[in-house]
Structures are given as structure tokens and as C-alpha cells.
2 protein chains.
Amino acid sequence: MSIKIGFIGATGIVGSEFISLLEERKISVADLCLFASEKSDGRKIHFNGKSITVEKLEKSKLKNLDYPFFCYNEEISKESISMGAENNICCIDNSAAFRLHRDAPFVIPEINPHAIENHRNIIANPNCSTIIALMALFPLHQRFELSGFCVSTYQAVSRVGYSGIEALKQDIVRNFALSQEVFGEQILQNAIPKIGQFSFNGYSSEELKMSNESRKILSLQKLKVSSTCARLPILRAHSMSIIAKFRSPLDRGEAEQILSSNKHIDYFPNAFPTPLKQACKNNVGIGRLRKDTFLKNAATMWVVGDQIRQGVTLNAI
Amino acid sequence: MSIKIGFIGATGIVGSEFISLLEERKISVADLCLFASEKSDGRKIHFNGKSITVEKLEKSKLKNLDYPFFCYNEEISKESISMGAENNICCIDNSAAFRLHRDAPFVIPEINPHAIENHRNIIANPNCSTIIALMALFPLHQRFELSGFCVSTYQAVSRVGYSGIEALKQDIVRNFALSQEVFGEQILQNAIPKIGQFSFNGYSSEELKMSNESRKILSLQKLKVSSTCARLPILRAHSMSIIAKFRSPLDRGEAEQILSSNKHIDYFPNAFPTPLKQACKNNVGIGRLRKDTFLKNAATMWVVGDQIRQGVTLNAI
């Protein structure tokens, strides 16, 4: 099957990763159309030996595509995706615009591939942190039945795209204006526990995504989740310290066996992945698995995933 | 009262901080003797307008002191402190050598000042991470009765002294040898979830200190604690994401009131401290206090403290 793919937000960090993944995975593409904002109009991008011109987005151009991937912002997604329904095109959206929409399935192929069958022209891609956490928790949930989890994140600057990477670089040469604009504070040699906006209950939008999206993807309406999401001066790959509580008694050896035999997981027995080790890898790295000494039937672990790879890989699949 | 103080490990990062705190707090010192390893023998350090010569440590020189502070390593502490008992001198030890020793009280003046009365010539200073976590938890424990807590740390490189800071600087100029030696991996743009050695149950020595020391200081033998301690490319001040579980129902407003009225705490309502904001401050910064959505009767918070200041301040007091 050779398909027509369009990518909206092609000159951003996810767009670049997406294009290199299409090449790497040798996905047969009849036509690849690249769209971005006006300022990138006319820019050339290389794909499979050809040079493709980036175009300014116009709705009419989307009609000829089989799969438009939206990776720009919520506004563009909301405006354009109505077109998908009208023309019976399946839009894949990487923004948060449709994530909790009843008709938009939320798909992590390794966890809930069946959900894709119910789509009504929109498939929402979960938040990158949720994907990484659930890739680690789902195999254990299948055996021990997850009742809740808490997670503290150590998130990379690339989560916000090239501007985050540029901000960290500018900080190194002691020009803090960009990182203050992008992150609200200097990011170099700092930890900023605010990703998104704070809601009335004190949780940030990033933290609420972790709870709401996990319940939807795992179809566990009573799952108890809490998280603290912090940004660190790390270029790529998010790390997470997770405590997962199960309904069945947890056996550490069996849990290690489950994780180490999963082909989407790089398991580190008595060791740990780091963001540098896991950068640009498709698998989620898990290490330091141990019985939790605070909660009963709970496991503590250290999980690292390249959020750009993970998000895009899933869409591409 | 004018006292004779000796500092063993005077040219290290804690030694320097100690000396500047003695000056800042105008503590009346009759005599200050500074000791370090052979390589610093003869070095001059300024204190209250005088120049003090750093000497090589010899046990006989310790006999004339009122309070020798040991801030070098466990071996030196173990070798020298027997002298304290023989000469009825009260030694204050910052290493882990005596922390869990029955006869060595573990003192955080704001929490258990009474413990000092039972000393038998050794007072152990708790680990810096434990001090920061308990400064935040103790006021809430007094009202709501703590039953356990979990913590994920974001620790600074200065925890290992000047070599940690130098390692981070060397990483910036792309010479990774020192950070690989000091931390086992490049620290720049990384997160390393290993501080100390791993024990049989998978916890690191830093993580076990958090559990064991908290139980001893709070006199709560049944306190359930788990932690994941990670090192980040941050110069000074440790950050912590903490979930604390209480026996009494938690009221968020009352908890905020308790923290904001504590003179040892900088409380950030609907905001947060960062390691950059809290560096070189005596108070522990607490923010993002909210009801935990994973556990009942639990609070989630973000805590930041300058571990060099905290550790030394407590000793000095």
C-alpha cells in the first residue's frame, strides 16, 4: 500500500524526526506533502533522495491526502480537522485539541490498537510523557493489575521544539532572555516544576494529562494517578521516577522477567537508563526496578524514553 | 561564650561555607583551627580579618578544642573521634560514620533539639537530603501525623564537593573524563539515578539514608519511606518531589497556613522555588502544595534547599 501523507508543522522538531523515521522504516509513501507556517514557505526538505518544497497550509490542499498528521498547535488542529470529517479523511492529531474527545480514540499501538477501529476521522496521539509512562506500566498491569501510580518527571527541553534547545544553548553563553521567555525562568542549572498552566487544584496541565489520558487509554476509570512534572536542562529524552501500585502481590523477579522479555523495552537489570543513553532510541528504557518500601504491592522504577521518537513512531505506525 | 572550634576538611566546599557562616552569624570564636589533607598544608584562609594557616591533621592538635567539626570522610571521622571520648570533647560529625550509632544523637535543631542532651561525645549531622525533606515534613507531621512518604530527588553536583562543580564545568568544554570519574557518567544534559552504591534490595545508599535517618530523627520506627535519588546538572541546592501521607485528614488551606508561618520555610503559594532561587539561602523553599490525587490523606509538594547551607548551618548552630 502506497499512501499520501501530509505533515502539518513539517519544519519543527517533530516534523524532522517524522521524516527521518519514514525513511528509516522504509514506509512506502506515494506522495509526501509538507506544510508549515508562512515563514517556512518555500523551504526545501530532503526525503528519499528528493527535494520537497514546504508549503503554506491551506485547507483545500489537505483534501487529496490519505493521512494528514497535525503537529503544529491546538488552534490549527481545531480549525482544520473539521475538514477531515467532511472529506472522510483520517486525521492524526498530535496536539491536545481532541485527546479527551469522546469520538477521538487515543492510540498507543502496543497497548490499545483495537481503539483505532472506532475512530471518526480523528485519532489523537497521547502526550509524550503519558506514552512513556504507560509503555512501562502496561506490561506489569497485564499481570498484576494496576490500581494507581505516582510519577515525578525529569523532562527535556526539546519537548517544546527547537526553541527549547535554542534556549538551553543561549543560556550557556549567558543570554537568558530566550529561556525566560520559553520556560519562564533560566533553564540551565535549574529545575522548573511547571509544564503548562496550573489548574484550580494545583496540578499543571501536563500533570492532568498524565491522569486523564492514562485512564482513557487503559480503560480504567478508577485509576488513581498523581504526578509532578518538571523541566530540566536535558536536551532529549524524558526520565521518570514511578511508583506503581497493583492489586495483586508483586513479585520482583517476575516483574523483571516481564519487562526484560518485552520487545519495546530496553531493560537494565541492577542498572539504569539515562536520557543520554536513551536519546534517539525507539524503545523505552527501564531500570532500578525494586519493591517499594512505602506502599504495599508496589514497584518503584526509573523509566526513560525519547519523547520525540516515541510520539512520532507511534503516529507513523 | 567564646569557644575553640576546629574544622577538619577546611578547604572543601563545606569548610568554606562553614567559615563564611561563622562570620555572617557573628559567632564568637576564641580560636579557629583549620585542618585539611597534606596537600593543603600551609594554605591561608581569611576569617574575621585574620589569616589562618591550614594545618595537617594530627590527633594531638584536637585535644585543645571545644568543638571539632569533622567534614572530611568516614575513615578520618572513625579514626579521630575515639579521641573525643577519651578527652571528653564533643565531636560533631558530618560523615555517615556514626549516623545510625545508638550513642550518637542525630540532630536537626528545628526538629529534635532535645536529642543533643543524650550525646556521648559524638553528635552526627544527618545527610543533607534528609534534613531538607524533614524540614518540610516535620511541621505538617506535628499537625496531621505522618505515616509515610515517598520522594524523588533532583540533586545538585555540589553534593560531592568542589570536584562535582569542576566536573560539570569540564563537561561544558566537552572534556567528560572528570564527570565520568566522579559520577560514573557525563553529568551535563543528563540525569543519573545513582547516588552511592546499590544494596541487595535495589535501593542506593543515599536512598536508604533517607529512610533510616528519618525514622531515627522523628522517633517513628514504623514510618514507611521510599525514595529515588538522582543527580542532575545543577550547581547548588537539591530539589525534591514529595508525597507525604498522614493519619489525619489533610486540609490544604491549613497545611499552607502551617508552612507559610514557619520561620525556617520560604513558602510559595501557587508557585514554586527553584534551585537557582534557593541557592545560598538558609530556609527551605516549599511550593506547589496540593492534595495528592493518588493517595488518600496525602499532600504533594515541591521542596528545595541549599544542601551546603543547611548542613553547615545546623552544625554551626
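About the thresholds
- Residues numbered from 1 in each chain as written.
- Chains lettered and ligands numbered in written order.
- Predicted model: local features only at pLDDT ≥ 70, side-chain atom pairs only at ≥ 80, totals over all residues.
- Heavy atoms only, no water.
- Contact = heavy atoms within 4.5 Å.
- Buried area = accessible area lost by both parts, 1.4 Å probe.
- Salt bridge = Lys/Arg side-chain N within 4 Å of Asp/Glu carboxyl O.
- Polar contact = N/O pair within 3.5 Å; in protein donor to acceptor, adjacent residues only side chain to side chain.
- Helix = DSSP H or I, 4+ residues; strand = E, 2+ residues; numbered from the N terminus.
- Nonpolar A, V, L, I, M, F, W, Y, C, P; charged D, E, K, R; others polar.
- Pairing = 2+ DSSP bridges.
- Axes fitted to C-alpha atoms, helices over the stretch in contact; angles between N-to-C directions.
- Least-squares fit on C-alpha atoms with pLDDT ≥ 70 in both.
- Domains from an automatic or database assignment.
- Buried < 20%, exposed > 50% of the residue type's maximum accessible area, 1.4 Å probe, protein only.
- Arc of directions from axis to C-beta.

Topic: the interface of chain A and chain B
Turning to step 1, where the next piece is worked out: On the side of chain B, 55 residues touch chain A, which itself brings 55 residues to the contact.
Turning to step 2, where the next piece is worked out: Between chain A and chain B lies a buried interface of about 4,400 Å² when both sides are counted; carbon and sulfur atoms form 60% of it.
Turning to step 3, where the next piece is worked out: It is A:Gln189, A:Arg288 and A:Phe294 that lose the most area in chain A upon contact with chain B, and together they represent 17% of the buried surface on that side.
Turning to step 4, where the next piece is worked out: Among the ionic pairs, B:Lys277 bridges to A:Glu185, the shortest N-O distance being 3.5 Å.
Turning to step 5, where the next piece is worked out: Here chain A and chain B share 28 residue pairs in polar contact (both at pLDDT 80 or more) between them.
Turning to step 6, where the next piece is worked out: When contributions to the side of chain A that touches chain B are tallied by element, the ones reaching two or more residues are strand S9 (146–155), helix H5 (162–172), strand S10 (224–231), strand S11 (238–246), helix H9 (275–278), strand S13 (284–291) and strand S14 (298–305) of chain A.
Turning to step 7, where the next piece is worked out: Residues that form the side of chain A that touches chain B fall into these classes: 26 nonpolar, 18 polar and 11 charged.

Some thoughts on the sheet that holds S13(A)
Residues and elements named next belong to chain A.
Turning to step 1, where the next piece is worked out: The sheet built from 6 strands is open, its strands ordered S10-S9-S11-S14-S13-S12 with mixed pairing. If you trace the sheet from one side to the other, it starts and ends with S10 and strand S12 (265–268), each paired once. For this sheet the average axis-to-axis angle between neighbouring strands, irrespective of direction, equals 20 degrees.
Turning to step 2, where the next piece is worked out: Of the pairings in the sheet, the one linking S13 to S14 comprises 5 bridges and is antiparallel in character. Across the sheet, residue glycine 287 finds its bridge partner in S14, namely tryptophan 302.
Turning to step 3, where the next piece is worked out: Along the sheet face, helix H4 (residues 128–144) touches S9, S11, S12, S13 and S14 and points at about 30 degrees away from the line of S11.

Looking at the relation of the copies chain A and chain B
Turning to step 1, where the next piece is worked out: Least-squares fitting of chain A to chain B yields an RMSD of 0.0 Å, with the transformation described by 0.0 Å of translation along the axis and a rotation of 180 degrees. Seen this way, the second copy is the image of the first under a two-fold rotation axis. Relative to the rotation axis, the C-alpha of A:Ser152 is the closest in chain A, positioned 3.3 Å from it.

Focus on the domain arrangement of chain A
Residues and elements named next belong to chain A.
Turning to step 1, where the next piece is worked out: Taken domain by domain, chain A holds domain 1 (3–97) and domain 2 (129–156 + 191–316).
Turning to step 2, where the next piece is worked out: Each of domain 1 and domain 2 has a C-alpha centre, and the two are 29 Å apart.
Turning to step 3, where the next piece is worked out: Listed as interface residues are 13 residues of domain 1 and, on the opposing side, 9 residues of domain 2.
Turning to step 4, where the next piece is worked out: Roughly 1,000 Å² is buried in total at the junction of domain 1 and domain 2, and carbon and sulfur atoms are behind 62% of that figure.
Turning to step 5, where the next piece is worked out: Of all residues in domain 1, Glu17, Leu21 and Arg25 bury the most surface against domain 2, accounting for 41% of the area lost on that side.
Turning to step 6, where the next piece is worked out: Run the count over domain 1 and domain 2 and you get 1 salt bridge.
Turning to step 7, where the next piece is worked out: Glutamate 17 is the partner of arginine 236 in a salt bridge, and the nearest nitrogen-oxygen pair spans 3.2 Å.
Turning to step 8, where the next piece is worked out: At the boundary of domain 1 with domain 2, the tally comes to 1 residue pair in polar contact (both at pLDDT 80 or more).
Turning to step 9, where the next piece is worked out: Considering each element in turn, the side of domain 1 that touches domain 2 owes the most residues, 7 residues, to helix H1 (residues 13–24).
Turning to step 10, where the next piece is worked out: When the residues that make up the side of domain 1 that touches domain 2 are grouped by side-chain class, the tally is 8 nonpolar, 2 polar and 3 charged.

Thoughts on unusual backbone geometry
Residues and elements named next belong to chain A.
Turning to step 1, where the next piece is worked out: Despite not being glycine, glutamate 145 has its phi angle at roughly 65 degrees, a positive value.
Turning to step 2, where the next piece is worked out: Within the fold, glutamate 145 resides in the loop between H4 and S9.
Turning to step 3, where the next piece is worked out: Judged by its relative accessible area of 40%, glutamate 145 falls in the partly exposed class.

A look at the pattern of salt bridges
Turning to step 1, where the next piece is worked out: Tallying each qualifying case throughout the model produces 18 salt bridges over all chains.
Turning to step 2, where the next piece is worked out: The salt bridge partner of A:Glu254 is A:Arg143, with a shortest N-O separation of 2.5 Å. Here A:Arg143 lies in helix H4 and A:Glu254 lies in helix H8 (residues 252–260), a separation of 111 residues in the sequence.
Turning to step 3, where the next piece is worked out: A relative accessible area of 29% means that A:Glu254 is categorised as partly exposed.
Turning to step 4, where the next piece is worked out: Residue classification places A:Arg143 among the partly exposed positions, given a relative accessible area of 38%.
Turning to step 5, where the next piece is worked out: With its nearest N and O atoms 2.7 Å apart, the salt bridge here joins A:Arg288 to B:Glu207. A residue pair is termed interchain when its members come from two chains, as with A:Arg288 in strand S13 and B:Glu207 in helix H7 (residues 205–218). Neither residue differs from the other here; A:Arg288 and B:Glu207 are each classed as buried.

Looking at helix H8 (residues 252–260) of chain B
Quick reminder: α-helices carry 3.6 residues per turn. Residues three or four places apart thus point the same way.
Residues and elements named next belong to chain B.
Turning to step 1, where the next piece is worked out: Among the residues of H8, those classed as buried are Ala255, Ile258 and Leu259. Summarising the axial view, the buried residues of H8 lie within an arc of 95 degrees, below the 170-degree limit, and thus occupy one face.
Turning to step 2, where the next piece is worked out: Here the buried face of H8 lies against helix H4 (128–144), strand S12 (265–268) and strand S13 (284–291).
Turning to step 3, where the next piece is worked out: Where H8 begins, one side-chain oxygen reaches toward the backbone nitrogen of glycine 253, 3.3 Å away; that side chain belongs to aspartate 251.

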